[in-house]
Amino acid sequence: MAVALLQAPPAKAQRVRSTPFAYVPEHSEDPYNQRVHIKTLTLPGSQDFIILSHRSASEYAVERYDADLKKLWTATVPVAPGESMEAFARNDQQALVVLHHSDETGQHLLIQPVDLKTGQKLSAKKVAEGGTQERRPGISISPDGTQLVAWRYVTRDAQIKSLTAAHYDRQLSKLKDRTYDFRDLGSFFSPSVHVANDGTQYVALIGDDNQKLTVRRYRDQEADIKVMAVTVGGVFGGKKVTVRDSQWRLLDGQTLYAATICADYASGEYHSLKLVKFDFAAADMKFAPEFKFTPEYLAETNKLTGASYKRLDDIYLSDVVRTEDQNVVVIAEHKAEEGPDAPVRARELHVFGYNEFQSPTWHQIIAKNQAAPITESFTGIGYRAAPIGNDVQVVTLEKLKEKTDLYLRKIGGLAGTVTEPKALGLNVANDQQVAYVKDFTAWLDGKTMIVVTRPSKKSAALQLNKLVFK
């Protein structure tokens, strides 16, 4: 069921500190699938945090700040021609910067560790080496940053047959070489690998003509491979329905969730949202009842957004989060490029709530209408969300009631109640230049947030801000 907006505003924000921030915009060939979209990482046991900043076409920097926004150290990471950023993570000892390198001799991933205490760059490690004509190698890092799996693809006639992988610990010592073999599966989409905090590896596949989700669990100390699978597509009312979009998440560092949007294969018309929990620890797979995108839901979307959509299009799954009381919230966002030289737009959020037993309990459509120049893409528009307690907090850059600012909404995980957007009081610039970079938005705790914005002063540069909510 849909629920109404709450009129009570969230807590008022107070800007505590600001400091100049150096950043050069990055340009991605695929703005919908940005490889590194979280560039501020909190550090456990303190209010310190680290940031990955793009300084120039040939350099990134990892920087550590303390609670007063004092820069404690900077570690530069050169980026040579043919190199691009692949991943950014941290564990309790090191920051991890992963670069993809490609030249006429081949390609590989390079992991550059940085000591969190001193900022000293440690010995880099080359992993997942492959040929120039091979698919781009991949890497998965556990949520706590202590486990890494890097792999290369083995293909035949453009079809993936296996992954040749290596498992590393937090110190980048190799624990095990292994092969994930798929020759018995026939055709399927590219697999994704997810490594848990304890080193367990989950290989997720979409197969059976894009209608079935399969997860294979691998453990270094076990020879047996555990498998869970569920069919999410099929023929309904004479129409073939397949997976249109999917998101996989390790929510507690060990339990894998999959959210999928399924659509009519012939027309592309959206059919339903499905959520699956693959709990190997409990030997339990929970398949939530589907949420159908009915004509009534389309009418509800038009009513709440003031739009006149003929059908649902350009809606992409973007988040699967879980609150402290075990409610799961799935978020999808409507976003699109409007043409070769036209602005890009990020529109309404479609939000779905599930209780701890995996039953759908509510849904929300949150209207917004954000635009940015094609050169900026989605770096400043869209949203950033985080589960805080039993709520999900959502931050957006919008112009509401003639005021351009960052706005905060709180979504209740249990009932789906949504607060009215509350301006954070940053006086964000409203022009054609970069004014907000959401990749740097992070919650240090339930009442403290880090954001990077540019004030309305024409000559002002970007600033790193620390906000505290009363």
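Residues numbered from 1 in each chain as written. Predicted model: local features only at pLDDT ≥ 70, side-chain atom pairs only at ≥ 80, totals over all residues. Heavy atoms only, no water.

1. Thoughts on unusual backbone geometry
Right, on to step 1. Positive phi, close to 55°, is recorded for D314, a residue that is not glycine.
Right, on to step 2. Residue D314 is classed as partly exposed on the basis of its relative accessible area of 31%.
Right, on to step 3. If you check the backbone angles, S377 has positive phi at about 55° while not being a glycine.
Right, on to step 4. Among the secondary structure elements, S377 is positioned in the loop between β29 (370–372) and β30 (384–388). (Buried < 20%, exposed > 50% of the residue type's maximum accessible area, 1.4 Å probe, protein only. Helix = DSSP H or I, 4+ residues; strand = E, 2+ residues; numbered from the N terminus.)

2. A short note on the packing of aromatic side chains
Right, on to step 1. Taken as a whole, this structure holds 13 aromatic pairs when the rule is applied.
Right, on to step 2. Plain terms: the ring middles of Y202 and F280 are 5.5 Å apart, the flat faces sit at 35° to each other, and that makes the pair tilted. You can see Y202 sitting in strand β16 (residues 201–207) and its partner F280 sitting in the loop between β22 (270–279) and β23 (284–287), a full 78 residues away along the chain. Each of the two residues, Y202 as well as F280, counts as buried. (Phe/Tyr/Trp six-rings, centres within 6.5 Å; stacked < 30°, edge-to-face > 60°.)

3. Here we look at the nonpolar core
Right, on to step 1. Within the largest apolar cluster, 22 residues are counted, with the highest numbers of intra-cluster contacts made by L273, L275, F293, V330 and Y354.
Right, on to step 2. Listing elements by their share of this core, those giving two or more residues are β21 (256–264), β22, α1 (295–305), β25 (315–322), β26 (328–337) and β27 (344–354).
Right, on to step 3. The element best represented in this core is β21, accounting for four residues.
Right, on to step 4. V232, W248, L256 and F280 belong to the second largest nonpolar core, which has 19 residues in total. (Core = buried A, V, L, I, M, F, W, Y, C linked by side-chain atoms within 4.5 Å.)

4. A look at the environment of D92
Right, on to step 1. Assignment of secondary structure puts D92 in the loop between β7 (83–90) and β8 (94–103).
Right, on to step 2. For D92, a relative accessible area of 46% corresponds to the partly exposed category.
Right, on to step 3. Those residues within four positions of D92 in sequence are excluded, and the remaining contacts are L116 and R170.
Right, on to step 4. A distance of 3.1 Å separates the side chain of D92 from the side chain of R170, its partner in a polar contact. (Contact = heavy atoms within 4.5 Å. Polar contact = N/O pair within 3.5 Å; in protein donor to acceptor, adjacent residues only side chain to side chain.)

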